[in-house]
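One letter stands for each residue in the lines below.
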Amino acid sequence: MPTSVGRRTNRLAPTSRVDRRTVVRLGVVATVSYVAWLAISAFGRPYNFFDMKIYHGAVVWWASGNELYDFVAPSTTLGFTYPPFAGLVMLPMSWLPVDGAGFVNALASIGALAVVLAALLRPIVDRLGWPLWFTVGIATPLAVAIEPSRETLGYGQVNLLLFALIMADMVGLRWRAKRGTHHETADSPLARFVYSGAWAGVGIGLATAVKLTPALFVAYLMLTRQWRAALTAVGTTIGVTIASFGVVGEESRAYFTSVLWQTERVGAADMTANQSLAGLLARLYDSIETPGLLWLAFSVLLLALGLSRAISARADGDELTAFTLVGLTANVISPISWSHHLIWVIPAIIVLADAAVRRRDASRGLPLRGSGPSANGVPALRPPIWYPTLTGLRHGAGALGLYLLFLISPIWPYEHQLPEVSHYQDGLFGALMENSLAIALIVLVAALPWRPGAEPAFYHDRLSRAAALAARR
């Protein structure tokens with residue numbers, strides 16, 4: 001009898017330890033979420049679904065039989081600026097009250113962000129042996145707290161949803177590179193199709209049909225000769241646009257012949273919230289308008305730099321960094337990039353943090369996780385470095401500094417509005433703070449590191465071709 005009790009106790013002990021560990025982790029997630037909420041209260045601005053009220057009012061106006069682009073929000077000069085396809089997608093929210101539509105958008109956006117973080121962090125946590133749910137549970141509130149996310153949620157914007165569409169294509173490209181590991185063992189044809197990644201490009205196409213800036217990803221796909229994904233993206237954009245013409249032809253004609261070219265509908269270039277290169281130059285010149293030729297010259301330079309670095313990152317097997325560089329480049333060269341558009345700093349922070357961990361592990365000569373054993377059966381080791389303490393420090397400091405910059409968002413205490421107040425009202429320091437997010441984006445485009453072999457999206461194709469060539473020989 002005592003023996004059986006002892007055995008029962010030994011069997012229950014591991015379960016108790018697991019339960020206690022789970023409770024502790026849940027407590028950590030709850031604490032981080034609460035701290036993130038406090039940070040939003042401290043560093044965020046008053047949010048009342050301002051943009052959502054414009055979208056909601058426009059689709060309600062449209063559903064009542066009026067012209068979509070004739071709507072002007074009360075007490076403002078602002079109207080609906082998205083293509084008709086976006087209007088059709090948003091039309092169902094006319095059935096909800098504006099606050100209800102805002103909360104539905106916020107919940108959907110946070111859910112989409114959590115799914116994206118799970119996809120981006122999965123290779124990292126698998127390598128490090130961390131629980132995915134715990135890591136995502138911490139990462140999601142931390143990501144929600146920074147400027148682009150909290151502004152997106154507070155204003156009722158769609159940036160996180162578009163971000164999720166684009167990153168879905170990156171995951172699809174990753175799955176397609178690994179085809180044979182998942183989709184052949186899937187239970188249903190639908191699951192096999194999903195894991196095949198054959199649909200990659202649809203997300204970019206849909207995002208481009210809503211906002212034009214994701215079209216830069218199509219250029220990236222073409223430059224890297226990912227022709228299937230590029231053609232899928234272009235076909236999706238053209239398909240939904242033509243379908244929109246078929247459903248709402250009058251609005252489509254009005255948008256592409258008139259509304260698209262009315263740049264004054266979105267605001268002045270020098271507004272503090274515009275953290276693109278154009279906004280930076282306008283504020284440096286203390287002018288409402290951007291110096292056109294100077295902006296064009298620097299935009300071409302940064303476009304070439306960003307795309308070339310993205311191509312190199314992909315060639316070295318880091319598709320996440322490649323996509324991140326393209327997204328950051330789009331933020332920089334766009335004439336208007338409001339602070340809620342800058343979602344691409346989230347994967348940039350992940351890349352910097354992972355680069356720091358990788359370099360730290362390499363310097364300590366730790367086993368290569370995921371690699372096979374050597375010839376004698378011993379796990380392969382990284383060669384040790386004799387100064388391990390500082391290895392990866394600059395990347396870790398970069399990740400932490402970038403996160404704190406976008407958490408605190410020092411642009412708002414130094415916000416100025418021409419012609420009433422000069423952008424140099426608070427001196428050089430004030431000008432630097434007002435442009436700090438734009439400067440950070442430019443630095444990231446020029447200096448964001450990539451991680452060779454981290455997330456290849458082409459190796460399977462190359463290996464298949466090499467094997468086929470060897471067989472023919």
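Further up the page is the structure itself.
The rules behind these values
Residues numbered from 1 in each chain as written. Predicted model: local features only at pLDDT ≥ 70, side-chain atom pairs only at ≥ 80, totals over all residues. Heavy atoms only, no water. Helix = DSSP H or I, 4+ residues; strand = E, 2+ residues; numbered from the N terminus. Buried < 20%, exposed > 50% of the residue type's maximum accessible area, 1.4 Å probe, protein only. Phe/Tyr/Trp six-rings, centres within 6.5 Å; stacked < 30°, edge-to-face > 60°. Lys NZ or Arg CZ within 6 Å of the ring centre and 35° of its normal.

(A) The arrangement of unusual backbone geometry in detail. Look at the link from Leu418 to Pro419: it is a cis peptide, with omega at 0 degrees. Within the element layout of this structure, Pro419 appears in the loop between α17 (393–408) and α18 (427–434). In this structure, Arg225 takes a positive phi of about 60 degrees despite not being glycine. Summarising the element assignment, Arg225 is placed in the loop between α10 (215–223) and α11 (227–247). One non-glycine residue, Asp286, adopts positive backbone phi at about 55 degrees. Mapped onto the fold, Asp286 is located in the loop between α13 (277–284) and α14 (292–315). The partly exposed category is assigned to Asp286, whose relative accessible area is 29%.

(B) Expanded view of the packing of aromatic side chains. Tallied over the full model, the rule gives 18 aromatic pairs. With a centroid separation of 6.1 Å and an interplanar angle of 50 degrees, the aromatic rings of Tyr69 and Phe80 are classed as tilted. Of the two residues, Tyr69 sits in the loop between α2 (50–63) and α3 (84–90) while Phe80 sits in the loop between α2 and α3, which places them 11 residues apart along the sequence. Both residues of the pair, Tyr69 and Phe80, count as buried. Ring centres 6.5 Å apart and planes at 80 degrees place the aromatic pair Trp175 and Trp199 in the edge-to-face group. Here Trp175, found in helix α7 (residues 159–177), pairs with Trp199, found in the loop between α8 (189–196) and α9 (202–210); they are 24 residues apart in sequence, far enough to count as distant. Of the aromatic side chains, those joined through ring pairs into one cluster are Tyr55, Tyr69, Phe80, Tyr82, Phe245, Tyr255 and Phe256. In this structure, Arg25 is placed above the aromatic ring of Phe134, and the distance from its NZ or CZ to the ring centre is 5.6 Å. Here Arg45 stacks its cationic end above the ring of Trp412, 3.5 Å away from the centre of that ring.

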